[in-house]
Amino acid sequence: MSRELKKFDTIYNLSYDGTGKSNEALVSLDDEQRKAVLDEGGFSIVIAGPGSGKTKVITYKIAYLISKGIDPRQILLVTFTKAAANEMIHRAQQVSKNPLDGMMAGTFHHVCNYLLRKYASLLKLDPNFSILDEEDSLTIVKHAINEYVERNEKFPSPSVILKIISLAANTQRSVEQTIEEDFIYFYAFSDKIRKIKDEYNELKAEQSSLDYDDLLVYANDLLDIQSVREKEGSNYLWVLVDEFQDTNKIQYDIVKKFSSIHGNLMVVGDDAQSIYSFRGARYENIIEMSREKDVKVYKIQTNYRSTPEIVNLVNAMIPNNIFSKILKTVKNNFERPIVVSTWDSLEESVFVSKKINELINSGISPFQIAVLYRNHSQSMDLQIELSKSKIPFTVRSGVKFTDSKHVKDVLSFLRVLVNPKDSISWMRIFQLFYGIGKKSVEKVLYDETFKREPIDFVKHISQFGDKYEKIEEIFKKISAEDKPDDVLNHVFESFYSDYIAFTFEDRIERQMDIKRVIEIAGRYKDINDFLTDLAITEQIDIDRKEKDKEESVTLTTVHRAKGLEWDVVFVISVNPGDFPSSFAISEGKLDEEERVFYVAITRAKKYLFICRQMSGSRTPYYGNRIQINGNKYDFVEKIPPALYDHWKIN
DNA sequence: GTCTGTAATCTTTTT
DNA sequence: GATTACAGAC
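Source: prediction; values computed, not measured. (Residues numbered from 1 in each chain as written. Chains lettered and ligands numbered in written order. Predicted model: local features only at pLDDT ≥ 70, side-chain atom pairs only at ≥ 80, totals over all residues.)

Secondary structure summary: chain A contains 29 helices and 17 strands in total. Against the globule reference of 26 Å for 650 residues, chain A gives a C-alpha radius of gyration of 26 Å, in line with a compact fold. Projected onto its principal axes, the C-alpha coordinates of chain A cover approximately 75 × 65 × 50 Å. Scored against the burial criterion, the 650 residues of chain A give a buried share of 45%. Pairs at least 24 residues apart make up 76% of the contacts formed inside chain A by residues separated by at least 6 positions. (Helix = DSSP H or I, 4+ residues; strand = E, 2+ residues; numbered from the N terminus. Rg over C-alpha atoms; globule rule 2.2 N^0.38 Å. Buried ≥ 20, exposed ≤ 12 C-beta atoms within 10 Å, placed from the backbone. Contact = placed C-beta atoms within 7 Å.)

Right, let's get into helix H25 (residues 527-536). Counting buried residues along H25, seven of its 10 residues qualify, which places the element largely inside the surrounding structure. Buried within H25 are the following residues: Ile 527, Asn 528, Phe 530, Leu 531, Thr 532, Leu 534 and Ala 535.

With that settled, consider the sheet that holds strand E15 (residues 566-571). Note: strands within a sheet are paired through backbone hydrogen bonds, in either parallel or antiparallel orientation. The seven strands lie next to each other as E13-E14-E12-E15-E16-E11-E17, forming an open sheet whose pairing is parallel. Looking at which strands have only one partner, the edges of the open sheet turn out to be strand E13 (393-395) and strand E17 (645-648). Shown here is a sheet whose adjacent strand axes are inclined to one another by a mean of 20°, direction ignored. As defined by bridge partners, strand E12 (residues 369-373) adjoins E15 across four bridges and the pair is classed as parallel. What sits directly across from Ala 370, in E15, is Val 569. (Pairing = 2+ DSSP bridges. Axes fitted to C-alpha atoms, helices over the stretch in contact; angles between N-to-C directions.)

On to the packing of helix H15 (residues 345-361) against helix H16 (residues 380-388). As a packed pair, H15 and H16 sit with axes 9 Å apart at the nearest point and diverge in direction by 45°. By the angle between their axes, H15 is oblique relative to H16. For the pair H15 and H16, the sense of crossing is right-handed. Here Ser 345, Leu 346, Ser 349, Val 350, Val 352 and Ser 353 of H15 come into contact with H16, specifically with Asp 381, Leu 382, Glu 385 and Leu 386. The residue inventory of the contact of H15 with H16, partitioned by class, reads five nonpolar, three polar and two charged. (Parallel < 35°, antiparallel > 145°, perpendicular 65-115°, else oblique. Left-handed = near helix turned anticlockwise from the far one by under 90°. Nonpolar A, V, L, I, M, F, W, Y, C, P; charged D, E, K, R; others polar.)

Counting buried positions along strand E16 (residues 604-613) gives eight out of 10 residues, so the element sits mostly inside the fold. As defined by bridge partners, strand E11 (residues 338-342) adjoins E16 across five bridges and the pair is classed as parallel. Bridged to Ile 338 within E16 is Phe 609. Here five bridges tie E15 to E16, and the two strands are oriented parallel to one another. For Phe 570, the partnering residue across the bridge sits in E16 and is Phe 609.

A few words now on unusual backbone geometry. Pro 580 follows Phe 579 through a cis peptide bond whose omega is 10°. Its location among the elements puts Pro 580 in the loop between E15 and helix H27 (582-587). One non-glycine residue, Lys 124, lies in positive phi territory at about 55°. Along the chain, Lys 124 turns up in the loop between helix H5 (108-119) and strand E4 (130-131). Positive phi, close to 45°, is recorded for Ser 208, a residue that is not glycine. With respect to the helices and strands, Ser 208 occurs in the loop between helix H9 (190-206) and strand E5 (209-210).

This part covers the packing of helix H7 (residues 158-171) against helix H8 (residues 175-182). Direction vectors running N to C along H7 and H8 enclose 105°, while the axes themselves pass 9 Å from each other. Taken as axis vectors, H7 and H8 run roughly perpendicular relative to one another. Residue-level contacts link Ile 164, Ile 165, Leu 167, Ala 168 and Thr 171 of H7 to Val 175, Thr 178, Ile 179 and Asp 182 of H8. Taken together, the residues of the contact of H7 with H8 break down into six nonpolar, two polar and one charged.

Now for the confidence of the model for chain A. Within chain A, residue pLDDT values average 86, and 91% of them lie at 70 or more. Below a pLDDT of 50 lies the segment residues 619-624, which in the model reaches five contacts outside its immediate sequence neighbourhood of four places, other chains included. (pLDDT = per-residue confidence, 0-100.)

A separate point is the sheet that holds strand E1 (residues 43-48). Ordered by their spatial adjacency, six strands build an open sheet running E3-E2-E6-E7-E1-E8, and the pairing between neighbours is parallel. Of all strands in the sheet, those bounded by a partner on one side alone are strand E3 (104-106) and strand E8 (296-300). Within the sheet, the average angular offset between the axes of one strand and its neighbour, ignoring direction, is 10°. Bridge count between E1 and E8: five bridges; the pairing is parallel. Each bridged residue has a counterpart across the sheet, and for Ile 45 the counterpart in E8 is Val 297. The strands touched by helix H4 (residues 82-96) are strand E2 (75-78) and E3; relative to E3, the strand with the most contacts, the crossing angle is about 135°.

Structural data, given as structure tokens:
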């Protein structure tokens, strides 16, 4: 492990202005934070409790490195979302007053995508590959299933198959091993599922398409090539990884390879906040790494976010406390968290909505209020209630805008232009035209000439019949070299606008959506850049302006609330079966649910309301309603009663 | 072969 | 509640 940095014995070296005279920046860090920032190299882990200034540590770390003369291009920052990366760069820039141009920062998917486009030829990949979302992947899996599974044969559903294939990739295990360890119930199907996976991979290769997992898998393979690892690895003198508790096996491997040359790696995370095990995340990565040789472990455990009352409750609920953390608090006493019991979901919605109204009237900004829930459907009643009360709200969970049919339809045109082999998109396009259904699509897709030169072929596709005329017309006017918004504009004006008007009830909204897509596309010169960003950047806000967001209450799943904070937080539907989910109860995966709950309650700065329904959980799908009284899966039962006030609403 | 209306099925979390 | 499968009309 090389130590490229000199040891610095004073804290005066980091400055706002880069002159080395002011120590203002470092003084604003506490002792725990400062130790982590001043770490001089090698492997280190920062165990960061919620609200302990983790972002601050990373941003100061970056500023510190830059003040030592390290080129921003020598730093690789991997974060959980693109938004987090942007935020950190922005703040690091403010601290250091130095531009951070050229710094590599983004999610694993961003970093891997970058590598793959750059070195595609080494893996015999088309650099213009499409990125498949879950729906696309599922479509292909279904095709693969048809190859091996008889009609009416009893078999796990396509989405389960995809889940198994995906988990296997993320944990770098074989399908058989994955089934044995995590899906034992499907043991009898192991052989067929492996065949389906092979077929699925072949189909993707034929279409030059990669799914989300492939981005990681191929990038990891790429870094196994010595020349690539050495070239990329020596680019990065420092590697920083945020939310390390949510990295999975393959991501951990990628990190190791990136830092294999210089050996300066700092990971930041909190094992108690690991909530992505369904895609292979292992908080054990932190523990494993902490046991490696020469690793330094820093703990930052002072909570700057929440009131002492909230921190007390949080401390009582820390899951799998391996590093025996206990949060310290710095804020003044305020109010105790409140457990609110209502009869059912409707009553709960009415309560939350009324309370929000009160809080807003007392001067709290709607922007500082959030409602968190375990799954999206739990927000439906509340959405209705908030609308009735005319309380503005923004929903972060649910179907992503870019997943809606109309948006995917128009994007398909862009996708086939850059990657003509993308038959998933061709299918979508063809079926938009009246009179073309599944059978016709197959006929075209299997046509030899089409297979060879799809784009040229569609310019004469009307020889297949009159119903193809419109397609021919459109493709004569658009090309891969055009700007993305020009292509979309043409598609929209020449037919898709009419298609919407003819097909959908909510035509105006959908047409507006497409216009907004075109507007966003206008920020890009290159079609592929635009498509890639849409595919792997978490949220493209489409229907709301920044100003609207500031004036509205946030509704979100706990998963999407990661890293965020609000003055007022309502956690709703904390009923056994809802939260923790019935799924987790039946699978015996309660520890992860506890961590999700922990993440939820640690988002609150001043007011925390934990809402539960006495009528029991509303998950009829899994059979019996689960009674709440005395239930061992009841989170509220686990909180010492002295730490909260109880309100009973009726 | 395609379109359309209705019945059946499934429902966690996300890049 | 949303997607999918199926049946029957064109």
